[in-house]
Amino acid sequence: MIYQRSSALFEAAKKVIPGGVNSPVRAFNAVGGTPVFVKSAIGAYLQTEDDHRLIDYISSWGPLILGHAYSPVIDAIKNTAEKGTSFGIPTAVETDIANLAVSMVPNIDKIRFVNSGTEACMSAVRLARGFTAKEKIIKFAGCYHGHSDAFLIQAGSGAVTFGSPSSPGVTKGTAKDTLLARYNDIDSVKALVQANQEEIACIILEPVAGNMGCIIPQAGFLEELRSICDANGILLVFDEVMTGFRLAAGGAQECLGINADIVTFGKVIGGGLPVGAFAARSEIMSYLAPEGPVYQAGTLSGNPLAMNAGLAMLTALNENPNVFKSLEEKTALLAKGIAEVLTEKGVVHTINRLGSMMSVHFSEEPVVDFDSASRANNDTFKKYFHGMLKEGVYLPPSAFESYFLNDALSYADIDFTIEAVKKVF
Ligand code: KE4
């Protein structure tokens, strides 16, 4: 497949946008080559500027769980846009989507909408610090909670790709309050809690990590985190920007049966428009302005255009819970098929999957944390990524990302994808 137009568009973009992209992972730096430019998408398929059709396995990095241009969401956007897109004044639809989200997700009474997952996680940590009157946080190497300063310490996703997990511009003053633990290593958490008694406001993590590739919490890990938090007056913050409304209607809390104190959302909750949110029981949320002293605000927060898109998406998921079973079946089939082909071809690999999140690691050891993910063979990954792209399959352009399947994928698409792997190796 030739991507001449994408190459020309990339050159033009680089003249006026840093790196030619508005989010680093899109630049293909982790896999080399020139990024594909897309002009449209429908269902499971991307239409590139070079008029190639690609089967899409990132779904805009998660939001489009029912496929691109899902008509109930598009209709909601069209119907809303004609009446005005944002007022900076309360609207009834904000309460409608808030009530629906609270009814779908366990263990939350109230929710505040913002404009991105970064904003949601940044605000959740400020709320945790305000509620507990403590300043330090524990995060996990390789987990990514967006690009606010407190999180760019051994972050995952694009931050890892650029080999600058701890980004310049983050001050030593900020970094000192972010303590770093190892995912799936409860002893690393216990050591930090022991060494920083009475100083830790929260432990924040991706309950299923998706920014080191997909990494599943090992048995007992989340349960022990819950116990540590309860025993030490620490809030447990689940960053469900990826897992929320994807692993189940109630997200990872429902799927894994562990209650967090604060939950953050993004991606799916906006139906493809910029929406984030954070939620908790009333006791905690009452600390948030204007009800309480912890300040947080946003010009476009809760705007009716994004709220109606999100409401249409959540309504569709809430009314069709079989979507989660369908996604589970399709992703399991894909993972099984890829594993069979790679085994047959003698390609060393391990595949991690939970629900419709999965990742392929060219590693002979289990991938259970950032270090083991980093030891996988990236040259094989690059060959895999570009080989699949050549066959018409768009995978995440980094080994430190997850696949996000959408339910518009057909079983024929899954079969095609598995067949494509055979042509790559
Ligand atoms: P945003 O600010 O990008 O909406 O959300 C930040 C965020 C927070 N928490 C988790 C668990 C996330 O995965 C993300 C963002 N995910 C990345 C994909 N790994 C977005 C893609 C990108 O950065 O371009």
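Residues numbered from 1 in each chain as written. Predicted model: local features only at pLDDT ≥ 70, side-chain atom pairs only at ≥ 80, totals over all residues. Heavy atoms only, no water.

**Digging into the overall build of the chain**
Working step 1: When helices and strands are tallied, the chain shows 15 helices and 14 strands.
Working step 2: Since a compact globule built from 425 residues should have a radius of gyration of about 22 Å, the 21 Å found for the chain is in line with a globular shape.
Working step 3: Along the longest, intermediate and shortest principal axes, the C-alpha atoms of the chain span 55 × 55 × 45 Å.
Working step 4: Per-residue burial over the chain gives 57% buried out of 425 residues.
Working step 5: Put simply, 72% of the contacts in the chain that link residues at least 6 apart link residues at least 24 apart.
Working step 6: Accessible area for the chain stands at about 16,900 Å²; split by element, carbon and sulfur atoms hold 53% of it.
Working step 7: Side chains of the chain carry 34 positive and 44 negative charges; the gap between the two charge centres is 5 Å. (Helix = DSSP H or I, 4+ residues; strand = E, 2+ residues; numbered from the N terminus. Rg over C-alpha atoms; globule rule 2.2 N^0.38 Å. Buried < 20%, exposed > 50% of the residue type's maximum accessible area, 1.4 Å probe, protein only. Contact = heavy atoms within 4.5 Å. Areas by Shrake-Rupley, 256 points an atom, 1.4 Å probe, with all protein chains shown as cover. Lys, Arg positive; Asp, Glu negative; His and termini not counted. Charge placed at Lys NZ, Arg CZ, Asp CG, Glu CD.)

**Notes on the site of the ligand**
Working step 1: If you check the shell around the ligand, you find 17 residues, and the closest are Ser23, Thr118, Asn211, Asp239 and Glu401.
Working step 2: In this structure, Ser23 approaches the ligand through a side-chain N or O atom, which is 2.6 Å from an oxygen atom.
Working step 3: The separation between a nitrogen atom of the ligand and a polar side-chain atom of Asn211 is 2.4 Å.
Working step 4: Compared with its free state, where it exposes 540 Å², the ligand has 87% of that area covered by protein.
Working step 5: Here the shell around the ligand is built from residues that sort into five nonpolar, eight polar and four charged.
Working step 6: Looking at the shell around the ligand, you find at least three residues from each of domain 1 (4–69 + 321–424) and domain 2 (71–319). (Near = heavy atom within 4 Å. Polar contact = N/O pair within 3.5 Å; in protein donor to acceptor, adjacent residues only side chain to side chain. Nonpolar A, V, L, I, M, F, W, Y, C, P; charged D, E, K, R; others polar. Domains from an automatic or database assignment.)

**Some points on the nonpolar core**
Working step 1: Grouped together as the largest cluster of nonpolar side chains are 112 residues, with contacts concentrated most on Tyr57, Phe140, Val189, Leu225, Phe245, Leu317 and Tyr384.
Working step 2: Here this core spans two domains, and each of domain 1 (4–69 + 321–424) and domain 2 (71–319) adds at least three residues to it. (Core = buried A, V, L, I, M, F, W, Y, C linked by side-chain atoms within 4.5 Å.)

**Things to note about helix H11 (residues 304–319)**
Working step 1: Taking 1.5 Å per residue, 16 residues should reach 22 Å; H11 reaches 21 Å between its end C-alpha atoms and fits that length.
Working step 2: Within H11, twelve of the 16 residues are buried, which leaves the element mostly enclosed by the surrounding structure.
Working step 3: All buried positions along H11 are accounted for by Pro304, Leu305, Ala306, Met307, Ala309, Gly310, Leu311, Ala312, Met313, Leu314, Ala316 and Leu317.
Working step 4: Taken together, the buried residues of H11 touch helix H2 (71–81), helix H3 (92–104), strand E4 (110–114) and helix H12 (322–344).
Working step 5: Between the side-chain oxygen of the N-cap and the backbone nitrogen of Leu305 there are 3.1 Å, and the N-cap of H11 in question is Asn303. (Expected span 1.5 Å × (residues − 1).)

**What to know about the packing of aromatic side chains**
Working step 1: Going through the model one piece at a time under the given rule, you end up with 15 aromatic pairs.
Working step 2: Aromatic side chains Phe140 and Tyr183 sit 5.9 Å apart centroid to centroid with 80° between the ring planes, which places their arrangement in the edge-to-face category. Highlighted residues: Phe140 in strand E5 (residues 136–140) and Tyr183 in the loop between strand E6 (178–181) and helix H7 (186–195), separated in sequence by 43 residues. As far as burial versus exposure is concerned, Phe140 and Tyr183 are alike and both buried.
Working step 3: Judged by centre distance (5.7 Å) and plane angle (75°), the ring pair of Phe140 and Phe221 falls under edge-to-face. Here Phe221 lies in helix H8 (residues 221–232) and Phe140 lies in strand E5, a separation of 81 residues in the sequence.
Working step 4: Take Phe140: its relative accessible area is 0%, and that puts it in the buried class. (Phe/Tyr/Trp six-rings, centres within 6.5 Å; stacked < 30°, edge-to-face > 60°.)

**Points about the pattern of salt bridges**
Working step 1: Scanning the model with the defined rule gives 21 salt bridges in all.
Working step 2: Here Asp261 and Arg281 are joined by a salt bridge, their closest N and O atoms 2.9 Å apart. With Asp261 in the loop between helix H9 (251–256) and strand E9 (262–265) and Arg281 in the loop between strand E10 (276–280) and helix H10 (282–285), the pair connects residues that are 20 residues apart, well separated along the chain.
Working step 3: Salt-bridge contacts for Glu391 lead to Lys423; the nearest nitrogen and oxygen are separated by 3.9 Å. With a gap of 32 residues between them, Glu391 in the loop between helix H14 (378–390) and strand E13 (393–394) and Lys423 in helix H15 (residues 411–424) connect regions that are remote in the sequence.
Working step 4: Three or more residues are tied together by salt bridges with common partners; here these are Arg226, Asp230, Asp261, Arg281 and Glu283. (Salt bridge = Lys/Arg side-chain N within 4 Å of Asp/Glu carboxyl O.)

**Quick notes on the sheet that holds strand E3 (residues 53–56)**
Working step 1: Spatial strand order, E1-E2-E3-E13: four strands in an open sheet with mixed pairing. Across the chains shown, the open sheet's two edge strands, defined by having one partner strand only, are strand E1 (38–42) and E13.
Working step 2: Bridge count for E3 against E13 is two bridges, and the pairing is parallel. Counterpart to Ile55 in the pairing with E13 is Val393. (Pairing = 2+ DSSP bridges.)

**Some remarks on the environment of Arg53**
Working step 1: Examined against the element boundaries, Arg53 turns out to sit in strand E3.
Working step 2: Sequence separation of Arg53 and Gly392 is 339 residues, and the distance between their C-alpha atoms is 6.6 Å.
Working step 3: Other than its neighbours up to four places away in sequence, Arg53 contacts Met1, Tyr45, Leu46, Gln47 and Gly392.

Geometric values such as these leave the question of function open.
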